[in-house]
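# Remarks on the overall topology
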Amino acid sequence: MVDPANPPLDEAIRLEAVYKAFVPRGRSTQPLLALEDVSFAARPGEFISLVGPSGCGKSTVLNLLAGLTQPSAGRVMHHGRAVTGVNTEVGYITQDDNLLPWRSMARNVEYGLELRRVPKDERRRRAREFIELVGLAGFENHYPHELSGGMRKRAGIVRTLAYDSDVVLMDEPFGPLDAQTRVILQDELLKLWELRRPTVLFVTHDLVEAIALSDRIITFTCRPGRIKREYEVSLPRPRDVFHIHDVPRFRELYDLLWDDIRMEIAAT
Ligand SMILES: Nc1ncnc2c1ncn2[C@@H]1O[C@H](COP(=O)(O)OP(=O)(O)OP(=O)(O)O)[C@@H](O)[C@H]1O
């Protein structure tokens, strides 16, 4: 067990024997166990994907780290401190872009920096840097409804990454996008991640995406979600997400992951 007074320096986050039960509304219903004895830690700068069948508790893991819900048992730690309330130190990117409709794209990107009271000039500079990196220059004054789905997604991602959290939680961020835009955004995400290397916890159903992006992949069983297996993705970086299928070991890893998931889906 980790001593909270002396957290390991090489750990950004840790879940320790975490159980999470939800009590459904209404009488005579049993608590629903979503997570069972989940333990793992992430090193600073590590990119980890969580994969598993629908309803196995992946989003719940992210919500626990964001402090949006509390564990029923066990501990959830961020840099050695227990997460006991809303954790504003982590960035959280969900399937929705969550852009504020009344703010221009650039002012949306600056929003997190405003909350952190970053001075205006620095805010503008940092937002411009990120906007250029994802090819949104020229659209700074457009409002969210004037942008395509891919552009809104880019703006949402750079808004969170510009905030400079050392831990970023991403819950199927590319879910609703078409296949081509998805791969382009995966490539952009890796380039943005390389800039400051936050720890990323990335939830996805897409095994190719998990392999292309991650240092490690954690597979979950069907509900109650337990860790089934962990895989180191020792493919060299920088990665070419457009040709990840051609990299030796890709096929082997894909088959191992798919076997895990298929077995769990069959058990549901
Ligand atoms: N606030 C809540 N109240 C009650 N039950 C919940 C709540 N949040 C999640 N659950 C239940 O906990 C289980 C895990 O949900 P969770 O969203 O974490 O799964 P998931 O693996 O992210 O699923 P998916 O891949 O479909 O998004 C599900 O059975 C879900 O219905």
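The structure under discussion appears in the preceding block.
What you are looking at is a predicted structure, and each value in this text was computed from that prediction instead of being measured.

On to the site of the ligand. In the vicinity of the ligand there are 14 residues, among which S54, K58, S59, T60 and H205 approach most closely. Between an oxygen atom of the ligand and a side-chain N or O atom of K58, the distance comes to 2.8 Å. At 3.4 Å from an oxygen atom of the ligand is found a side-chain nitrogen or oxygen belonging to R223. A total of 630 Å² of accessible area belongs to the ligand in isolation, and the protein chains cover 62% of it. Of all the elements in the fold, those that place two or more residues in the shell around the ligand are β2 (32-42) and α1 (58-65). Counting residues per element, the shell around the ligand draws most heavily on α1, at three residues. Considering only residue class, the shell around the ligand consists of five nonpolar, six polar and three charged.

Moving on, we get to empty space enclosed by the protein. On inspection of all chains with the given rule, the structure shows two cavities of 30 Å³ or more. As a volume, the second largest cavity reaches approximately 30 Å³. Lining the second largest cavity are V134, R154, I157, V158, L185, E188, L189 and L192. Elements that contribute at least two residues to the lining of the second largest cavity include exactly α4 (149-162) and α5 (179-196). Looking at the lining of the second largest cavity residue by residue, the class counts come to six nonpolar, no polar and two charged.

Calculation criteria
- Residues numbered from 1 in each chain as written.
- Predicted model: local features only at pLDDT ≥ 70, side-chain atom pairs only at ≥ 80, totals over all residues.
- Heavy atoms only, no water.
- Near = heavy atom within 4 Å.
- Polar contact = N/O pair within 3.5 Å; in protein donor to acceptor, adjacent residues only side chain to side chain.
- Areas by Shrake-Rupley, 256 points an atom, 1.4 Å probe, with all protein chains shown as cover.
- Helix = DSSP H or I, 4+ residues; strand = E, 2+ residues; numbered from the N terminus.
- Nonpolar A, V, L, I, M, F, W, Y, C, P; charged D, E, K, R; others polar.
- 1 Å grid on protein atoms, 1.4 Å probe; cavity = no way out; pocket = protein on both sides within 12 Å on 5 of 7 lines; lining within 4 Å.
- Points joined across faces, edges and corners; volume = space filled by probe spheres on them.

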